[in-house]
Amino acid sequence: MNRQILAAAVTVLSAGLGFCAPRAGAQKSADAEGHAWWQHAVFYEIYPRSFADSNNDGIGDLKGITAKLDYLKELGVNAIWITPCFPSPQVDFGYDVSDYEAIDPMYGTMEDFDRLVAEGKKRDIRVILDFVVNHTSDQHKWFIDSRSSKTSPYRGWYIWRDGKGPGQPPNNWLSTFGTAAWTMDPKTGQYYYHYFYPEQPDLNWRNPAVEKAMLDVTRFWYKRGVAGFRLDAVDTLYEDPNLTDNPVVAGTDKFGRPNMDEKYNKKLPEVHDAMRKLRSVADEYGSVLIGETWTTNVDQLKDYYGAKNDELQMPMDLMMTGFKGLSAAEYRKHIAAVNAAGHWPVYVITNHDIVRSYSRYGDGVHNDDIAKMMAALYLTLRGSAIMYYGEEIGMENNDPKRKEDVQDPEGKLGWPLEIGRDGERTPMQWDHSANAGFSVAKPWLPVPLSAHTHNVADERKDPDSVLSFYRKILAMRHTEAALLDGDYVSLNEGNPNVLMYVRRYKGEAILVILNMSSAEQKVPFELSGAGFLAPKVEVLLTSFHKPLKGMFADLPMEPYSVFIARVTK
Ligand code: NOJ
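Along each chain, residues carry numbers from 1 onward, in the same order as the chain's sequence is written. Local features in this predicted model are restricted to residues whose pLDDT is 70 or higher, and side-chain atom pairs enter the listing and the counts only when it is 80 or higher, whereas totals over whole chains, interfaces and linings include all residues. Values reported for side chains reflect all heavy atoms of the structure, with hydrogen atoms and water molecules removed beforehand.

Caption draft 1: Geometry of the site of the ligand. Any residue with a non-hydrogen atom lying within 4 Å of a molecule or strand is treated as near it. Every residue lining the ligand is accounted for by D92, Y95, H135, F177, F196, R230, D232, E292, H352, D353, R421 and R425. For the ligand, an oxygen atom lies 3.1 Å from a polar atom in the side chain of R230. Residues adjacent in sequence count toward polar contacts only when both atoms are side-chain atoms; beyond that, a polar contact is any pair of N or O atoms within 3.5 Å, and within protein one must be able to donate a hydrogen and the other to accept it. H352 places a side-chain nitrogen or oxygen 2.7 Å from an oxygen atom of the ligand. Out of a free accessible area of 290 Å², the ligand has 98% covered by protein chains. All residues other than Ala, Val, Leu, Ile, Met, Phe, Trp, Tyr, Cys, Pro, Asp, Glu, Lys and Arg, Gly among them, are scored as polar; the first ten of these are nonpolar and the last four charged. Residues belonging to the shell around the ligand are distributed by class as follows: three nonpolar, two polar and seven charged. The method behind every accessible area is Shrake-Rupley, applied with a 1.4 Å probe, and residues are considered shielded solely by the protein chains displayed.

See below:
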């Protein structure tokens, strides 16, 4: 390859470097590969308590979300996933549902919900609800009846057992939230099982009546126009009926309890039967199922698609959230394994249970650059994208500093080793006013100081902001055929600091180079591995601070920077 010629090409085409608007008309090939809507869609997770407060009570609501649909449209969002907004005692902030077929008054009414769906439809924004399949609230009428007597018709809807002996639970299983997994109910003298808080009793999915009731819940919402569900905690849907003790393994957890290999109450094979049944109902309505699928390897993830592609269309790949630091080699290896598995990927880098990506990856010096670099990574790879509200403006965690300030029960129980999840759930930062424009009232969680610099109103005006970068890259993702449908060819594989790849589709190609390190990297334009011997390079988007000009043999990549270009032969 003649580097000199190539360098000249870069110099010419990148004059006035910045963002080149994606070409009009490129959208037409979006479905050429027979992809379903959700494969190209950008999903946006909304924690409704924290997004927008229309009635100024300090807690967000559905009308607040509706009022922000234009913002989401402009950003490039195609579907919103709303975490549970059903009636709930709010012990686990909605993940303890007391009625699956209604809206919690704190969030509004069913009319508000219908309006949200209708307004979304006008803007081509679909609504995905969060279905808490593993457990209900202890205030759900099914559980209230179930606990009333051993002969209740709902007794078998939950998992009730005698203790092993006086004061001894049926086995050694533990709740992931720091308590025992069994609570003795004095009314009948038996224990009920809960993988999460005691206020979240596990449903007994082995009971056909439970299965039917839950499938009917999905029908109820599909008929109301919901485009799909994010299924909560699917790993724990089934338990070993013999209640075999879990093996104790080395070490202790963050609550100081012995570690367990949860082989008898997690990822049982029966989970897949339930997924297939939920899927067959979803298929009746052309809907999509997204799974909260915590997996430790790609084989486990693959299982959730179903042997015949008949389970979840979108099992979330949450594995990147566990990577320590930013190693191009680790990301490269993971992406290769996911691609080799042959399914449509769903990379997720953040959500309401994990420290925000901005805080997790940030080094305190290059935080905005890193936020842009991570955005460029998961928004240019093959697959569906799921964003978390506020990620697009570089929202950071605002963790409680004192135990008495903690709202999340997990943090109260586990303080100080486990501080809970409040930090990643703070109000959306709309502007730099007192409560970041979220509410006139005191918000349920405090707004971080960074709202002064990281908020929608101010970032909108700044072409170099994280928000502006997100808007550009999302626009590009929606219009570039190679990003929508292209294959993935990894380049420069020996480089531990730089991730470099090409997405190719029918003679079009987009080159992505990400410097995942804090030092400048010189990257050779060696694209022959992707079939480009002397390519022309048209720069589409970079996050460079200094203009790229002059001749160069190797591309100088600033620390944590992004370079995206169209390459042609
Ligand atoms: C996973 C949800 O994302 C989390 O917020 C919740 O606490 C548990 N499941 C229990 O429902």
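Picking up after the structure, the text goes on.
Caption draft 2: Region of the structure containing unusual backbone geometry. Note that the residue after W415, namely P416, is joined by a cis bond; omega there is 0°. Under the scheme used here, helices are H or I runs from DSSP no shorter than 4 residues and strands are E runs no shorter than 2 residues, and both carry numbers assigned from the N terminus. Secondary-structure assignment places P416 in the loop between helix 13 (409-414) and helix 14 (456-461). Notably, D124 is not glycine yet its phi reads approximately 60°, a positive angle. Along the chain, D124 turns up in the loop between helix 5 (110-122) and strand 3 (126-132). Even without a glycine there, the phi angle at N309 is positive, about 55°. When you line up the elements, N309 lands in the loop between helix 9 (298-303) and strand 11 (314-315).

Caption draft 3: Examining the sheet that holds strand 5 (residues 182-185) more closely. For two strands to be treated as a pair, DSSP must find no fewer than two bridges joining them. Pairing within the open sheet is antiparallel, and its three strands lie in the order 4-6-5. The outermost strands of the open sheet, each flanked by one partner alone, are strand 4 (160-161) and strand 5. Sheet topology note: the strand 5/strand 6 (residues 190-193) ladder contains four bridges and is antiparallel. Note that in strand 6 the partner of W182 across the bridge is Y193.

Caption draft 4: Here's a closer look at the packing of aromatic side chains. Aromatic rings from Phe, Tyr and Trp, taking only the six-membered ring of Trp, are treated as a pair when their centres fall within 6.5 Å; an angle between ring planes under 30 degrees marks them as stacked, one over 60 as edge-to-face, and anything in between as tilted. A complete count under the given rule lists 32 aromatic pairs for this structure. For the pair F143 and W160, a centre-to-centre distance of 5.7 Å together with 5° between the ring planes defines the contact as stacked. Here W160 lies in strand 4 and F143 lies in helix 6 (residues 141-146), a separation of 17 residues in the sequence. Only protein chains enter the accessibility calculation, which uses a 1.4 Å probe; a residue whose area is less than 20% of its type maximum is buried, one above 50% is exposed, and one in between is partly exposed. Owing to a relative accessible area of 7%, W160 belongs among the buried residues under this scheme. Judged by centre distance (5.0 Å) and plane angle (75°), the ring pair of F323 and Y331 falls under edge-to-face. Taken as a pair, F323 and Y331 share a single burial class, namely buried. Aromatic ring contacts, followed pair by pair, group Y100, F131, W142, Y154, W157, Y222, F229 and Y285 into a single cluster. The positively charged end of K68 is found above the aromatic ring belonging to W430, 4.0 Å away from the centroid. Two conditions define a charge sitting above a ring: the NZ of Lys or the CZ of Arg must be within 6 Å of the ring centre, and it must be within 35 degrees of the ring normal. Positioned above the aromatic ring of Y389, the side-chain terminus of R356 is 4.7 Å from the ring centre.

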